[in-house]
Amino acid sequence: MSSSSPPVSLLDVDLRPGKPPILRAEATGDATSWVAEHRDAVRAIVTEHGSVLVRGLTLRDEAEANAVFRRLATGLMTERESFAPRRAYSDGVYSASKWPPNQQMCMHHELSYLLEFPGLMLFACLQAPATGGATVTADSPTVLDALPTELAERFRWEGWLLTRNYNDEIGASLAQAFGTDDRAAVEKYCRANAIDFEWQPDGGLRTRQHRSAIVHHPVTGRRCWFNQIAFLSEWTLAPEVREYLVDVYGADALPFNTSFGNGDPIGEDVIQLLNEVYQDDTVREPWQAGDLMVVDNIRTAHGREPFEGPREVLVAMADAVRLADCSPTVAVTAG
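Everything numeric in this text was worked out from a predicted model, so none of it was measured.

Colleague: I would appreciate a short explanation of the overall build of the protein in the present structure.
Modeller: Scanning the protein from N- to C-terminus turns up 8 helices and 19 strands. Against the compact-globule benchmark of 20 Å for 335 residues, the protein has a radius of gyration of 20 Å, which places it among compact chains. C-alpha extents for the protein along the principal axes are approximately 65 × 40 × 35 Å. Residues counted as buried form 53% of the 335 residues belonging to the protein. Of all intrachain contacts in the protein linking residues separated by at least 6 positions in sequence, the fraction that spans at least 24 positions is 81%. Taken as a whole, the protein presents about 14500 Å² of accessible surface, with 49% of it coming from carbon and sulfur. Here the protein holds 30 positive side-chain charges and 47 negative ones, and the gap between their average locations is 4 Å.

Colleague: Looking at this structure, how should I read the nonpolar core?
Modeller: Across soluble globular proteins, nonpolar side chains have a tendency to be buried as a group. Among the nonpolar cores identified, the biggest contains 70 residues, and Phe178, Trp225, Ile229 and Leu274 are the most heavily contacted of them. With 5 residues, helix α8 (residues 268-280) is the single largest residue contributor to this core. Every residue in contact with isoleucine 229, bar those within four places of it in the chain, is listed here: Phe155, Trp160, Ala213, Thr258, Ile266, Ile271 and Leu274. Of all hydrophobic cores here, the second largest spans 31 residues; its members include Ala31, Trp34, Val294 and Ala318.

Colleague: Help me out: how do you make sense of the sheet that holds strand β16 (residues 300-304) in this one?
Modeller: Within a beta sheet, neighbouring strands are joined by backbone hydrogen bonds and run either parallel or antiparallel to one another. One open sheet accounts for 3 strands, arranged β5-β16-β8; its pairing is antiparallel. Among the strands making up the open sheet, the edge pair consists of β5 (105-108) and β8 (135-139). Each strand axis lies, on average, 20 degrees off the axis of its neighbour in the sheet, ignoring direction. Relative to β16, β5 is paired through 2 bridges, and the arrangement is antiparallel. Bridge assignment links methionine 105 to a residue of β16, and that residue is arginine 304.

Reading guide: rules and limits
- Residues numbered from 1 in each chain as written.
- Predicted model: local features only at pLDDT ≥ 70, side-chain atom pairs only at ≥ 80, totals over all residues.
- Heavy atoms only, no water.
- Helix = DSSP H or I, 4+ residues; strand = E, 2+ residues; numbered from the N terminus.
- Rg over C-alpha atoms; globule rule 2.2 N^0.38 Å.
- Buried < 20%, exposed > 50% of the residue type's maximum accessible area, 1.4 Å probe, protein only.
- Contact = heavy atoms within 4.5 Å.
- Areas by Shrake-Rupley, 256 points an atom, 1.4 Å probe, with all protein chains shown as cover.
- Lys, Arg positive; Asp, Glu negative; His and termini not counted.
- Charge placed at Lys NZ, Arg CZ, Asp CG, Glu CD.
- Core = buried A, V, L, I, M, F, W, Y, C linked by side-chain atoms within 4.5 Å.
- Pairing = 2+ DSSP bridges.
- Axes fitted to C-alpha atoms, helices over the stretch in contact; angles between N-to-C directions.

Take a look at the structure:
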C-alpha cells in the first residue's frame, strides 16, 4: 500500500444527521484500483453503519462501474421476479427500475419476497438529475422499533402475502420476471420457490407467496423489518394510477398488492403509517456524477425521490443470502 494512498477506516466516515455515511475517496482517476485496495474497509463501514456513499471515485461509464461492483462483491446476482422492467447493461449490472420520475419510490428491501435475495445493493451514479432523485435509505431495526407493538407482533406471527398478476401491459412481463415465458419452466420455478400460481383465462399468471416480514440479520443477529409490504401495496401508488389500474384490471387483479399473512387486506391507514415511519428515519444525499453507494439490503431499506432531468444510476444485486439463514419468524409457504 503506497504512502500516497493511506488506508481508510471507520474514523474516516463523515456522519451527519439526516445524511448517509459518506466516505471521500482519493482515487486519482483509477476507481477500480482504489476499490480493490480499500474493499475490506468499505465493507466494514457498511457492516457498521448499514450503508456508505463513496464520493470522489468519478465513475465514468458502465465498464468502470461493472469493474468496481465486481471488486466489492463476492458475486453478482441475476434478477428474478422483478416488479418493473430494467435495462441489462451486462451480466448482473442493470439500470435503475423504470419507475415514473415524478413519483416517489417507497422504501423497500430489494427482492425481499425471494427465498434467496441480495445481501448487498450497489449503485453507481453516471449522471445526476437536475433536481431530486436521491437514493434514500432508512435503518430497518430502527423502523421496526418505531412500529406500534401490536402491529409489529401481528406481522411477526403472520408475515405478509404478496399477490402478483403478470401481463404484458404493465410492470415486468412474465419473460422479464422469470427469464422465460415457457409455462412448464415458470411452473417449475414457482414450485421450487414456494410460490402458489394460477394461470388465468387470458393467459396471464397470478401468483401468491407468503413470506416473513421480520428476519434476523445473518451476521449481527439483529431483528430487521425486511419486506416490501408498503412498496408493493395498492395504497402506495399515486391515487390517479391506482384508480386507473382498478378501472382497467379490477381491484382483485392489480399487477401487485400486499396483505397480512392470513390474507386479510392491509388498510390504507396501515400503509400510511408504515410510510410515515420510514420517512421519519430517512436519510438522503443528492447524487453527484461518479458516486458509488453500497447498501446492506437486510439492515437498510432504500427508495428513490422524484426527480427532473436525465438520471442514470446503475445497479447490481450482490452477495446472495438465503432466507432460511435469517431466522424468519414464519414458515416459508406458498399463498
